[in-house]
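The residues making up each chain are set out below.
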Amino acid sequence: MTEKHSPALDVALAYHRAWTGGDMDKAMAYIADDIVCDAPAGRLEGASAYRAFMGPFVQILRRAELLAAFGDEQTAVVVYDTETVPVKSAPGAECVTVRDGRITYSRFIFDRLPFEQARRVDG
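Computed from a predicted structure; not experimentally measured.

Draft legend 1. Inspection of the pattern of salt bridges at higher detail. Taken as a whole and judged by the stated rule, the model has 6 salt bridges. Of the charged contacts in the structure, one is a salt bridge between Asp25 and Arg51, with a shortest N-O distance of 2.7 Å. One end of the pair, Asp25, is in helix H2 (residues 24-28); the other, Arg51, is in helix H3 (residues 47-60), and 26 residues separate them in sequence. Classification of Arg51 as partly exposed rests on a relative accessible area of 34%. Salt-bridge contacts for Arg62 lead to Glu83; the nearest nitrogen and oxygen are separated by 3.9 Å. Of this pair, Arg62 sits in strand E3 (residues 61-71) while Glu83 sits in strand E4 (residues 75-84), and the two are 21 residues apart along the sequence.

Next comes the structure, spelled out in structure tokens:
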């Protein structure tokens, strides 16, 4: 990880620390009201939709490990691994655009298959 932080990276890391720490209210303080998020399940628009997407995941989160983080003035990439109630290892990455201290765009990258497999076993 880089030692020298950029404005976008500072916001992305603060957001990451908040949600991985289970504090969705604090995490949402870094999310723009009109955020657009492209995730494996499709596009989400607006802070309410984004919170509805992230909230359930945060509730099942057991642990998160930051693997790498890079950024410049407007863009940051955060790569991490998470352990959740149903899935022991769920790596993910986010590429975010930051304006005026808030995330306006997020591209989530993660594999949905382990979660689908866990649902089949439990279901």
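Draft legend 2. Main features of the environment of Ser48. The residue Ser48 is located in helix H3 in this model. Through-space distance from the C-alpha of Ser48 to that of Gly101 is 18 Å; in sequence the pair is 53 residues apart.

Draft legend 3. Representation of the sheet that holds strand E1 (residues 31-39). Read from one edge of the open sheet, 6 strands run E2-E1-E6-E5-E4-E3, paired in mixed fashion. At either margin of the open sheet sits one strand with a lone partner, and together these are strand E2 (42-45) and E3. Put simply, the sheet's adjacent strands are angled 20° from each other on average, direction ignored. Of the pairings in the sheet, the one linking E4 to strand E5 (residues 90-99) comprises 8 bridges and is antiparallel in character. Bridging across to E5, Ala76 finds its partner in Val96. The sheet contacts of H3 involve E1, E2, E3, E4, E5 and strand E6 (102-110), and relative to E1 the element is tilted by about 65°.

Draft legend 4. Structural context of the packing of aromatic side chains. A full pass over the atoms with the stated rule returns 7 aromatic pairs. Between the aromatic rings of Tyr15 and Tyr50, the centroid separation amounts to 6.4 Å while the plane-to-plane angle is 45°, which identifies the pairing as tilted. Linking Tyr15 in helix H1 (residues 7-20) with Tyr50 in helix H3, this pair joins segments that are 35 residues apart in sequence. Assigned by exposure class, Tyr15 and Tyr50 land together as buried. Summarising the aromatic geometry, the rings of Phe108 and Phe110 are spaced 6.3 Å apart at their centres and angled 85° between planes, so their arrangement reads as edge-to-face.

Cut-offs and rules
- Residues numbered from 1 in each chain as written.
- Predicted model: local features only at pLDDT ≥ 70, side-chain atom pairs only at ≥ 80, totals over all residues.
- Heavy atoms only, no water.
- Salt bridge = Lys/Arg side-chain N within 4 Å of Asp/Glu carboxyl O.
- Helix = DSSP H or I, 4+ residues; strand = E, 2+ residues; numbered from the N terminus.
- Buried < 20%, exposed > 50% of the residue type's maximum accessible area, 1.4 Å probe, protein only.
- Pairing = 2+ DSSP bridges.
- Axes fitted to C-alpha atoms, helices over the stretch in contact; angles between N-to-C directions.
- Contact = heavy atoms within 4.5 Å.
- Phe/Tyr/Trp six-rings, centres within 6.5 Å; stacked < 30°, edge-to-face > 60°.

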